[in-house]
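Below are the chains, spelled out letter by letter.
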Amino acid sequence: MRLSQYFLPILKENPKEAEIVSHRLMLRAGMIRQQSAGIYSWLPLGKRVLDKVNDIIRQEQNRAGAHEILMPTIQSADLWNESGRYDDYGKEMLRINDRQDRPMLYGPTNEEMVTDIFRSYVRSYKELPLNLYHIQTKFRDEIRPRFGTMRSREFIMKDAYSFDLNKEDAEFAYYKMFTAYLRTFDRLGLRAIPMRADTGPIGGDLSHEFIILADTGESEVFCHKKFLGFDIPEEDVDFSDRAKMKAIFDEWTEFYAATSEMHDEAAFGAIDASEQVSDRGIEVGHIFYFGTKYSAKMGAKVMGPDGREHEVHMGSYGIGPTRLVPAIIEASHDDNGIIWPESVAPFDVGIINMKVGDETCDEASMKIYSELQKAGLDVLIDDRDERAGGKFATADLIGVPEQIVVGPRGMKTGEVEVKNRKSGERESLTLEAAINKLTAR
């Protein structure tokens, strides 16, 4: 991608409305634009990151055996009346009527709709287990939207829903999603701590929030230091192994971890002071097991092996991609801008042509650009006729992990400078060596 032809509306000054660093940097880097309170457009740079986040979420959901669908954002109030939640959900739900005056709503979540899909097609226990998920826009009319896309009214959520014959199978589904979440956040460059949580309006009796530690987090968290060092399940982990899934869950939930809402002072105090972690955190995922709460009310039953009908046991599992992007920034930035984990960076490499119009610099820049693109890397070349200082500032602000600086002085010896955004390390290499180094990574 040529920066001279790319839509990247950089802001030089810090926006006054931005209270936290992620909101400030997302606006400055031209990732998002606020359209109204708590509602944002995602601009090209932000959309590239968001898509990469969604891709990782999707890969891990598929790996765990979930099947992707796509449900509509507008739902019939009739389904929510069946479950009893239409009147209970509160003012966060946006209620509307269509032209036939039928009550509708802009979905804040999809338990009712997915249950309706399930009961329409699944009849036998032989079709279980089943886990359906989608990545879709939601709306919750937050009383105080703030912090950019961290706490917005319109947002994107990955929500998955599991269906099982009994509690034992449903808990196995819960453990699989628990493991998938650990892997997902790790691939996003985050250390997410699972904490026992309140079930809230979703309902149920088993729930965990996944929280990353950050000074600007809205949650007060208390946990054992061990959570910062546990190994993440490997890519080849067997999701069909019940004992393994239960072991992973037990390992991660054996030690104390809670938000302020679930905090047990005595239990936390029992931990040696040197092992205590008391901090603030950002919720990036939430999972629930709620048994037959929805299936009982909405008639979602299957014929069991005993020849009798059984109400299915359900769970739901949410991750907010539009919240994850600012969460990653909160966890990884410096005074100059964003430091993206390589897995979600909008571009893998940035080429800075320090003297556009210089034949040697232009040819070297385009050679590197062409070779890296052929190798499958996402490359941004700054070919604008601007000062070198401005180009360096832009590359650091938007967080390009690897930067190649092509200038007249280096071209005299046939060398370019390769800079790593995270470490700040710089290295002078020949063109070929620089290309080989980056394509090898």
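Figured I'd write up the structure that's included with this text. (Residues numbered from 1 in each chain as written. Predicted model: local features only at pLDDT ≥ 70, side-chain atom pairs only at ≥ 80, totals over all residues. Heavy atoms only, no water.)

**Here's the deal with the overall build of the chain**
Then comes step 1: Regarding its fold elements, the chain presents 13 helices and 23 strands.
Then comes step 2: In terms of overall size, the chain behaves like a compact globule, its C-alpha atoms giving a radius of gyration of 25 Å where 441 residues would be expected to give roughly 22 Å.
Then comes step 3: Along the first, second and third principal axes, the C-alpha set of the chain runs to 80 × 60 × 40 Å.
Then comes step 4: Counting the 441 residues in the chain, one finds 53% classified as buried.
Then comes step 5: Of all intrachain contacts in the chain linking residues separated by at least 6 positions in sequence, the fraction that spans at least 24 positions is 71%.
Then comes step 6: Total accessible area on the chain is roughly 20,000 Å²; 45% of this is exposed by carbon and sulfur atoms.
Then comes step 7: Charged side chains of the chain number 57 positive and 74 negative; the gap between the two group centres comes to 3 Å. (Helix = DSSP H or I, 4+ residues; strand = E, 2+ residues; numbered from the N terminus. Rg over C-alpha atoms; globule rule 2.2 N^0.38 Å. Buried < 20%, exposed > 50% of the residue type's maximum accessible area, 1.4 Å probe, protein only. Contact = heavy atoms within 4.5 Å. Areas by Shrake-Rupley, 256 points an atom, 1.4 Å probe, with all protein chains shown as cover. Lys, Arg positive; Asp, Glu negative; His and termini not counted. Charge placed at Lys NZ, Arg CZ, Asp CG, Glu CD.)

**Some thoughts on the pairing of strand S16 (residues 313-319)**
Then comes step 1: In terms of residue burial, S16 counts as a mostly covered element, since seven of its seven residues are buried.
Then comes step 2: Burial along S16 is two-sided: the face carrying His313, Gly315, Tyr317 and Ile319 and the face carrying Met314, Ser316 and Gly318 are both buried.
Then comes step 3: In terms of strand pairing, strand S8 (residues 154-164) meets S16 through seven bridges, oriented antiparallel. Considered in S16, the bridge of Lys158 is made with Ile319.
Then comes step 4: With six bridges connecting them, strand S13 (residues 276-291) and S16 associate as antiparallel partners. Counterpart to Gly291 in the pairing with S16 is Met314. (Pairing = 2+ DSSP bridges.)

**Describing unusual backbone geometry**
Then comes step 1: For the bond running from Leu128 to Pro129, omega is 0 degrees, close enough to zero to count as cis.
Then comes step 2: Tracing the backbone through its elements, the reader meets Pro129 in the loop between helix H4 (111-121) and strand S7 (130-139).
Then comes step 3: For Asp101, which is not a glycine, the phi torsion comes out positive at approximately 65 degrees.
Then comes step 4: Tracing the sequence through the fold places Asp101 in the loop between strand S5 (94-97) and strand S6 (103-106).
Then comes step 5: Overall, Asp101 belongs to the exposed group, its relative accessible area being 54%.
Then comes step 6: At Phe147, a residue that is not glycine, the phi angle is positive and equals roughly 65 degrees.
Then comes step 7: Note on placement: Phe147 falls in the loop between S7 and S8.

**Quick notes on a nonpolar patch on the surface**
Then comes step 1: The grouping of Ile74, Leu94 and Ile96 at the surface amounts to a nonpolar patch, some 200 Å² of accessible area in total.
Then comes step 2: Turning to its location among the elements, Ile74 is positioned in strand S4 (residues 74-76).
Then comes step 3: Ile74 gets classed as partly exposed once you look at its relative accessible area, which sits at 35%. (Patch = residues over 30% accessible without salt bridge, like charges linked within 9 Å, V, L, I, M, F, W, Y side chains within 5 Å. Salt bridge = Lys/Arg side-chain N within 4 Å of Asp/Glu carboxyl O.)

**Digging into the pairing of S6**
Then comes step 1: Note that S4 and S6 share three bridges and pair antiparallel. Directly across from Gln75, in S6, lies its bridge partner Leu105.
Then comes step 2: Across four bridges, the pairing between S5 and S6 is antiparallel. Residue pairing in the sheet places Asn97 in a bridge with Pro103 of S6.
Then comes step 3: From the end of S5 to the start of S6, which pair antiparallel, there are five residues, and Asp101 there has a positive phi angle of about 65 degrees.

**Looking at helix H1 (residues 21-28)**
Then comes step 1: For H1, the tally of buried residues reaches seven of eight residues, placing the bulk of the element in the interior.
Then comes step 2: Of the positions making up H1, those classed as buried are Val21, Ser22, His23, Leu25, Met26, Leu27 and Arg28.
Then comes step 3: Structurally, H1 contributes buried residues whose contacts are with strand S1 (32-36), strand S2 (39-42), helix H9 (321-331), strand S17 (333-334), strand S18 (337-338) and helix H11 (388-398).
Then comes step 4: Directly beyond the C-terminal end of H1, a positive phi value near 70 degrees is found at Gly30.

**Remarks on the side chain of Thr259**
Then comes step 1: Relative to the helices and strands, Thr259 is located in strand S12 (residues 257-259).
Then comes step 2: By relative accessible area, which is 2% here, Thr259 ends up buried.
Then comes step 3: In contact with Thr259, not counting residues within four places along its chain, are Met195, Glu209, Ile211, Glu220, Val221 and Phe222.

**Looking at the pattern of salt bridges**
Then comes step 1: Evaluated as defined, the whole model comprises 32 salt bridges.
Then comes step 2: Of the charged contacts in the structure, one is a salt bridge between Glu60 and Arg187, with a shortest N-O distance of 2.9 Å. Separated by 127 residues along the polypeptide, Glu60 in helix H2 (residues 44-63) and Arg187 in helix H5 (residues 167-187) bring together distant segments of the chain.
Then comes step 3: Take Arg187: its relative accessible area is 27%, and that puts it in the partly exposed class.
Then comes step 4: Notably, a salt bridge pairs Arg119 with Glu82, separated by 2.8 Å at the nearest N-O pair. A residue pair is termed long-range when its members are at least 10 positions apart, and Arg119 in helix H4 and Glu82 in helix H3 (residues 77-83) qualify at 37 residues.
Then comes step 5: One salt-bridge network, held together by shared partners, links Glu19, Glu142, Arg146, Arg151 and Glu218.

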